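Fold and contact review
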Amino acid sequence: MTTAPTPVPPSAAVDSNGGGGAPGPAQHARPAAPTATRRRNRAWLGALPLLVFFAVGFGLPAVAIAIGAFTTSSDAPGGGGTFTFSNLTGSLQGAYWTALLGSVKLSALTALIGTVVGLPLAQAVATSRFRIFRDLVTSGSGVLANFGGVPLAFMFVATLGNAGEVTTGLGLKKYGWSLYTFDGLAIVYLYFLVPLMILTITPALEGLRVQWREAAQNNGATTFQYWRYVALPVLLPSLLGGYVLLFGASFAAYATAEAMVGSSIPLISMQIGDALSGNVLVGQGNLALALGLDMIVVACLVMAIYLPLQRRSAKWLS
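None of the values given here were measured: they were computed from a predicted structure.

Conventions and cut-offs
- Within each chain, residues carry numbers counting from 1 in the order of the written sequence.
- Residues qualify for local features only when their pLDDT is at least 70, as the model is predicted, and side-chain atom pairs are given and counted only at 80 or more; totals for whole chains, interfaces and linings, by contrast, use all residues.
- As a convention, hydrogens and water are excluded, and side-chain values are obtained from all of the structure's heavy atoms.
- For this analysis, a ring pair means two rings from Phe, Tyr or Trp (six-membered ring only for Trp) whose centres lie within 6.5 Å, classed as stacked if their planes differ by under 30 degrees, edge-to-face if by over 60, and tilted for the remaining angles.
- Starting at the N terminus, helices and strands are each numbered in turn, a helix being any DSSP run of H or I of at least four residues and a strand any DSSP run of E of at least two.
- Whether a charge sits over a ring comes down to the Lys NZ or Arg CZ being within 6 Å of the ring centre and within 35 degrees of the ring normal.
- Between the N-to-C directions of two axes lies an angle of 0 to 180 degrees, each axis being a line fitted to C-alpha atoms and, for a helix, fitted only over the stretch in contact.
- Each crossing is labelled by how the near helix is turned from the far one, with a counterclockwise turn of less than a right angle marking it left-handed and a clockwise turn marking it right-handed.
- Should any heavy atoms of two residues lie within 4.5 Å, those residues are counted as being in contact.
- Ten residues, namely Ala, Val, Leu, Ile, Met, Phe, Trp, Tyr, Cys and Pro, are considered nonpolar, four, namely Asp, Glu, Lys and Arg, are considered charged, and the remaining ones, Gly among them, are considered polar.
- The definition of a nonpolar core used throughout is a set of buried Ala, Val, Leu, Ile, Met, Phe, Trp, Tyr and Cys residues joined through side-chain atoms within 4.5 Å.
- When accessible area is computed with a 1.4 Å probe and restricted to protein chains, residues below 20% of their type maximum are described as buried, those above 50% as exposed, and intermediate ones as partly exposed.
- Patch definition: residues with relative accessible area over 30% and no salt bridge; like charges joined within 9 Å; nonpolar side chains (Val, Leu, Ile, Met, Phe, Trp, Tyr) joined within 5 Å.
- Working definition of accessibility: Shrake-Rupley area with a 1.4 Å probe, residue cover restricted to the visible protein chains.
- The rule for a salt bridge is simple: a side-chain nitrogen of Lys or Arg has to be within 4 Å of a carboxyl oxygen of Asp or Glu.

A closer look at the packing of aromatic side chains
Within the structure shown, the criterion is met by 9 aromatic pairs. Considering the side-chain rings of Phe156 and Tyr191, the 5.6 Å spacing of their centres and the 90 degrees angle between planes classify their relative orientation as edge-to-face. You can see Phe156 sitting in helix H5 (residues 150-160) and its partner Tyr191 sitting in helix H7 (residues 182-206), a full 35 residues away along the chain. Counting every residue linked through ring pairs, the aromatic cluster contains Phe70, Phe83 and Phe85. In this arrangement the basic side chain of Lys105 is found over the ring face of Phe182, its NZ or CZ atom lying 5.2 Å from the centre. A cation over an aromatic ring shows up here: Arg228 above the ring of Tyr229, its NZ or CZ 4.9 Å from the ring centre.

Printed below as a string of structure tokens:
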């Protein structure tokens, strides 16, 4: 059995002499160039500056911290550059271990409160019928989530400090109120953690299908039952991801606590600042690098938890 020859476009058939006469034997045209692959290669070129910045701004310092954490400092009796575990073991003992636990405790508490308070506020924003209200809250949250450091500490000292306007006006000192405590620092951290939670969870709330609520109501479910059995299970990965994100933001905060409470509250970031300024024993100059490595390990654990939760929530809400 014979088959008909494959038709060839006129442009693919050429004269055997290269002229414009009768076409020669039929030949198949060459396949088109893989344009999709070229586009992907160009996309990588577009991301190259960001990758270079990440490598220089984060990769090289992380490598330097890791190397310094396992080597002796230049002021050590035996000279610098010798491999040792003393820096790492010292960072997990005594006051440094207490500071690490203090940072974890503060971050876990403020992240939990920020998640609980931020969820209903974000729900009010997501379900609001007034677009201007949503735009104002979203824009304000974006500003407040990045407002920290010395200005934030000064604002709270002027309002809720020992001689602050609110403290003196309401007579809070007679009730034992003090801003320069663990609880006071937690309140200050919530100033930027709650807006951060609003920004994080609002897209997930907007992704809840209206059909899910209608189906629950048609089956006789109350509002509480809808949130208990439908909305919260779907939002759980996003909520946990937001909690982890708030934990990381609180754990890495430094300038606000330094300006407000100094070293009166043991925090790992304060210990790193003291070590970098030279407030360590002779021969322990690289102890600050070991403390920084401890923070990097905690941050990597936070990201290892956050990324899978983000992908799981995106699968449900996409």
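Comments concerning the packing of helix H8 (residues 210-218) against helix H9 (residues 223-252)
For the pair H8 and H9, the least separation of the axes is 10 Å and the interaxial angle reads 145 degrees. Crossing angle aside, the handedness with which H8 passes H9 is right-handed. Within the contact between the two elements, H8 uses Trp212, Arg213 and Ala216 and H9 uses Thr223, Tyr226, Trp227, Val230 and Val234. Each residue belonging to the contact of H8 with H9 can be placed in one class, and the counts come to 6 nonpolar, 1 polar and 1 charged.

Side note on the nonpolar core
Of all hydrophobic cores here, the largest spans 54 residues; its most connected members are Leu185, Tyr189, Ile201, Leu205, Leu208 and Leu267. Elements supplying a minimum of two residues to this core: helix H3 (94-126), H5, H7, H9, helix H10 (255-260), helix H11 (268-276) and helix H12 (287-317).

Section: the environment of Leu307
Note on placement: Leu307 falls in helix H12. Distance from Leu307 to Val244, taken between C-alpha atoms, is 9.9 Å for residues 63 residues apart in sequence.

A closer look at a nonpolar patch on the surface
A cluster of nonpolar residues, Trp44, Leu45, Leu48, Leu51, Val52, Val56 and Leu60, forms a patch on the protein surface that exposes about 730 Å² of accessible area. By the secondary structure assignment, Trp44 is in helix H1 (residues 35-69).

Overview of H11
Burial within H11 is extensive, with 7 of its 9 residues counted as buried. Inspection of H11 places Ile268, Ser269, Met270, Gln271, Ile272, Gly273 and Ala275 among the buried residues, and these make up the whole buried set.

Quick look at the pattern of salt bridges
Applying the stated criterion to the full structure yields 2 salt bridges. Arg131 is the partner of Asp135 in a salt bridge, and the nearest nitrogen-oxygen pair spans 3.9 Å. Separated by 4 residues within a single helix, Asp135 and Arg131 lie in helix H4 (residues 131-144), roughly one turn from each other. Residue classification places Asp135 among the partly exposed positions, given a relative accessible area of 38%. A relative accessible area of 64% places Arg131 in the exposed class.

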